[in-house]
Amino acid sequence: MQDKTELGKNVLKGVSRSFYLSIRLLPRLMREPISLGYLLARASDTIADTAQVPASLREACLEKFTPALKDKTVRKELLRLVNDSFLDFQTNPKEILLLKCLDDVFHWYDSIRNWAWESIAIVLGHICAGQLHDIQHFCVSKKHKIESATDLEHYCYQVAGCVGEFWSTVGYQSYHRFSTLDREALCVLGREYGMGLQLVNILRDLPEDFANERCYLPVLDYADKDEIMRASRAWRHKAREYVNSGYEYSKSLRQKRARIATVLPAMIAEKTLDLLDASDWDDLEKGVKINRKTVRSCLWKAILF
């Protein structure tokens, strides 16, 4: 078994450099449950996104993922399926490493405190449900778009808004005086914050999804680029509203390290939205991503926040 320090540093850093930065900035007591929760979610996401594997098999694995946290028999079945059917299709060496280490990640999960054990199971349940719905909607039912604003917001909650709630739970369990807000109010802001970050991802990836004949925005014609771009303007406004909830969330935190770690993704998301506002479809196809200089600038602003 790999040491959990190795899993929480090198493996985590490989699959998400930006989120890894936030985790390293967190207060010590929050790092373990959030690092572990992210690794598990990233593994389930890798399973969900392996398009070369039949949708039915991806569904079967995701249905086993949350039960595998507590049921060792189901866990063995899941690990066998992952090793036999998913590893050969990965092109990212860091994702290969993550899937190879999945048994170690589960063993790490077995060793954590009871409240963290249950909180991770809850957030993984939401995330896997969202990933399952995504496969069933686009791959099994062969639909090409999300039908309504309500459906889009629900999806954003399942795969990201619930993470804001999880972050709040970890904070309050780790530090009694975590925020100047009560837990319920903080969870509302965290939920909106996570949904905003997911919307930014969706808006940035519109051309990639378009190439795969899918659209996460509720439009009439998923094949009309002009309509998609018009819809994206309205959803960028909604994303900014939700990201602003991240600023309010961060302002309420009493620990300086927690404030820095929490506000940094909001600052990066805001800069990304600025680029999206100035981009046409061709720019989006080339890829919209803030540079390292901007990330460093955001980090310094977060430190002074």
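Counting from 1, residues in each chain are numbered in the order their sequence is written. Only residues with pLDDT of at least 70 get local features here, since the model is predicted, and only at 80 or more are side-chain atom pairs given and counted; chain-wide, interface and lining totals rely on the full set of residues. The side-chain values count all of the structure's non-hydrogen atoms but skip hydrogen atoms and water molecules.

Draft legend 1. Layout of the overall build of the protein. Assigned secondary structure in the protein consists of 15 helices and zero strands. Note that the radius of gyration is over C-alpha atoms, with the globule rule given as 2.2 Å times the number of residues to the power 0.38. Rg of the C-alpha trace for the protein: 19 Å, near the compact-globule value of 19 Å for 305 residues, within the 12% margin. The principal-axis extent of the C-alpha atoms belonging to the protein is close to 50 × 50 × 35 Å. Partly exposed describes any residue whose relative accessible area lies between the buried limit of under 20% and the exposed limit of over 50%, with all areas from a 1.4 Å probe on protein chains only and scaled to the type maximum. The buried share of the protein, reckoned over its 305 residues, is 52%. Contacts are residue-level and defined by heavy atoms, with any inter-residue pair within 4.5 Å sufficient. In the protein, the share of contacts with a sequence separation of at least 24, taken over all contacts with a separation of at least 6, comes to 73%. Here, Shrake-Rupley sampling with a 1.4 Å probe gives the accessible areas, and only protein chains in the shown set may cover a residue. Counting only carbon and sulfur atoms, one obtains 50% of the accessible surface of the protein, whose full area is about 14,500 Å². Secondary structure elements follow DSSP: runs of H or I of four or more residues count as helices, runs of E of two or more count as strands, with numbering from the N terminus.

Draft legend 2. Molecular detail of the environment of Arg42. On the secondary structure map, Arg42 appears in helix α3 (residues 28-49). For Arg42, a relative accessible area of 15% puts it in the buried group. C-alpha separation for the pair Arg42 and Leu99, spaced 57 residues apart in sequence, amounts to 9.5 Å. Discounting residues that sit within four places of it in the chain, Arg42 has contacts with Val15, Glu95 and Leu98.

Draft legend 3. A positive patch on the surface, seen in detail. Patches were defined on residues exceeding 30% relative accessible area and lacking a salt bridge, with like-charge contacts within 9 Å and nonpolar side-chain contacts (Val, Leu, Ile, Met, Phe, Trp, Tyr) within 5 Å. Salt bridges are identified by distance alone: a Lys or Arg side-chain nitrogen within 4 Å of an Asp or Glu carboxyl oxygen. As used throughout, the charge tally considers Lys and Arg to be positive and Asp and Glu to be negative, leaving His and the chain termini uncounted. Taken as the charge location is NZ of Lys, CZ of Arg, CG of Asp or CD of Glu. Where like charges cluster on the molecular surface, the positive patch consists of Lys289, Arg292, Lys293 and Arg296. Mapping Lys289 onto the fold places it in the loop between α14 (281-286) and α15 (292-304). Overall, Lys289 belongs to the exposed group, its relative accessible area being 74%.

Draft legend 4. How the structure looks around unusual backbone geometry. For Lys142, which is not glycine, the phi torsion reads 60° and is therefore positive. Judged by relative accessible area, which is 59%, Lys142 ranks as exposed. A positive phi angle, near 60°, is found at Glu213, a position not held by glycine. Tracing the backbone through its elements, the reader meets Glu213 in the loop between α11 (206-211) and α12 (225-251).

Draft legend 5. Looking closely at the packing of helix α4 (residues 55-68) against helix α5 (residues 72-85). Axis geometry follows a simple rule: fit a line to the C-alpha atoms, using only the stretch in contact for helices, then measure angles between N-to-C directions, giving values from 0 to 180 degrees. Remark: α4 packs on α5, axes separated minimally by 9 Å, with the N-to-C direction vectors making an angle of 145°. For the pair α4 and α5, the sense of crossing is left-handed. Contact residues: α4 offers Leu57, Cys61, Lys64, Phe65, Pro67 and Ala68, while α5 offers Val74, Arg75, Glu77, Leu78, Leu81 and Ser85. Note on residue categories: nonpolar means Ala, Val, Leu, Ile, Met, Phe, Trp, Tyr, Cys or Pro, charged means Asp, Glu, Lys or Arg, and polar means any other residue, Gly included. Of the residues that constitute the contact of α4 with α5, the class distribution is eight nonpolar, one polar and three charged. Take the far helix as the reference: if the near one is turned anticlockwise from it by less than a right angle, the crossing is left-handed, and if turned clockwise, right-handed.

Draft legend 6. Quick peek at the nonpolar core. The definition of a nonpolar core used throughout is a set of buried Ala, Val, Leu, Ile, Met, Phe, Trp, Tyr and Cys residues joined through side-chain atoms within 4.5 Å. Counting residues in each nonpolar core, the largest one holds 107 residues, and the members touching the most others are Leu40, Phe65 and Leu217. Those residues in contact with Leu217 that lie beyond four places of it in its chain are Lys145, Ile146, Leu152, Ile202, Leu203, Leu206, Ile228, Ala231, Ser232 and Trp235.

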